[in-house]
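Structure assessment
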There are 2 protein chains.
Amino acid sequence: MEQAILAAAEELFLDRGFALTSTVEIAKKAGCNQALVHYYFRTKENLFQAIFARKIKMFMTALTSMDQLDLPFEKALEYIIQAHFDVLASNPRLPFLILNELTTNPKRIEALKDILQNEIDLRPVMHMQALLDQEIRKGTVRPTTMMDIAMAMAALNVMTFVARPIICGVLDISDDDYQEMIAHRRQENVAIILRSIRP
Amino acid sequence: MEQAILAAAEELFLDRGFALTSTVEIAKKAGCNQALVHYYFRTKENLFQAIFARKIKMFMTALTSMDQLDLPFEKALEYIIQAHFDVLASNPRLPFLILNELTTNPKRIEALKDILQNEIDLRPVMHMQALLDQEIRKGTVRPTTMMDIAMAMAALNVMTFVARPIICGVLDISDDDYQEMIAHRRQENVAIILRSIRP
DNA sequence: AGGTTATTTAATAGGGCTATTAAATGTCAA
DNA sequence: TTGACATTTAATAGCCCTATTAAATAACCT
């Protein structure tokens, strides 16, 4: 039942965020009494943090555990951008939850910092930075930074999923059309970034 | 006092969204009794919609009221991207509010559709589309669509401001550094898009 | 001033929420 | 079987919230 509560809470939190999800709803979805939620997690805040931390860790790990370290820079970059995109596609509501919580609740920032500092292996990032610097020296890539590239990647990929309600709502397109658009963006976002770093 | 309530509500809604803002807080910030909020707007929902509609209208109008219709395509695009960026810089919390409300409350989508259909002049967009098609025929721009370009622009510009809590929180940088980063992104986002449409 | 309307306040109904508590039920080993 | 412990439930305290109502105050017109 503890697992059922976690699963129900995860779904609801991802759907509606912390503030709009009540422990009563979580209990109903998990199929138990509302007091049980508090028996296992004492507070709604605890329950949320457990899920939030787990999700962020999963997300960051998926990004930094890279098995393409031997690829040349452009290929590696393409691989990373698409890996990032794919994690988002499997967790389309996660970026919104993260943005939402970090924006409305300063407390969450500490949690995020902790995870980033203690749980994430940054060596792959360093490796990419080194490859990039090499390319710049060779003149095959214009002078730029991994920070800039990462910003562009995050922006383009995340917005694809965060903007879904706007896109689907305003253009009212079918689910098939949306899937097609997703596939298109997966290619397009890579293309934009690769072109943007040309000398 | 009605204006004071509107102003207070706008600030609080932008800060914390609809659900996390109470009419009591609004009243306190406006310097009046909480019942007065309901006297003027009957419901919190009404008050929110008034503000939300006004903000979206302002935002969309700033984007589509373009005075650079005689510029060549690339110059016009650069102008638009920076205009978009500047509206966001003046309303840094607006995109988050829009995303937040459209994501958590389907009702808002109707409001948005209404505004887009009735209040926004789409001729400048058509004009840009025509210029783009011309460039593509000439071969000076790779085959693409205004939709793709707009997505990239929105993603890059919006993320600059939406991600502020993450960037400032994780990297803990000073306000000056942040301002510098903003200025950098204003250039960079243009550069990325212009490079991304090269043949 | 006196009357009418607009504005503002105090008080409160009514509802949902989190968290706690005490009691009931299940589990399982000795 | 019984005792100890884990799980689950019902009930409720205590908050904060929205919205309403009735009464008080201000503003304005004649």
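Given the structure is predicted, the values throughout are model-derived calculations rather than measurements.

**Describing the environment of B:R54**
Residue and element names in this part refer to chain B. Its location among the elements puts R54 in helix α4 (residues 44–64). For R54, a relative accessible area of 40% puts it in the partly exposed group. Spatially, the C-alpha atom of R54 lies 9.5 Å from that of I115, the residues being 61 residues apart in sequence.

**Description of the domain arrangement of chain A**
Residues and elements named next belong to chain A. What the domain assignment lists for chain A is domain 1 (1–42) and domain 2 (49–196). Placing the centre of domain 1 and that of domain 2 at their C-alpha centroids yields a distance of 29 Å. Counting residues at the interface gives eight residues for domain 1 and nine residues for domain 2. Roughly 850 Å² of surface becomes buried between domain 1 and domain 2 when both sides are summed, with 62% attributable to carbon and sulfur atoms. Considering only the side of domain 1, the residues that lose the most area to domain 2 are E10, L14 and F18, jointly responsible for 57% of the buried surface there. Linking domain 1 to domain 2 there are three salt bridges.

**A closer look at helix α6 (residues 94–104) of chain A**
Taking burial as the measure, the eleven residues of α6(A) include ten buried ones, the bulk of the element. Turning to α6(A), its buried residues number three or more, namely A:L94, A:P95, A:F96, A:L97, A:I98, A:L99, A:N100, A:E101, A:L102 and A:T104.

Procedures and definitions
Residues numbered from 1 in each chain as written. Chains lettered and ligands numbered in written order. Predicted model: local features only at pLDDT ≥ 70, side-chain atom pairs only at ≥ 80, totals over all residues. Heavy atoms only, no water. Helix = DSSP H or I, 4+ residues; strand = E, 2+ residues; numbered from the N terminus. Buried < 20%, exposed > 50% of the residue type's maximum accessible area, 1.4 Å probe, protein only. Domains from an automatic or database assignment. Contact = heavy atoms within 4.5 Å. Buried area = accessible area lost by both parts, 1.4 Å probe. Salt bridge = Lys/Arg side-chain N within 4 Å of Asp/Glu carboxyl O.

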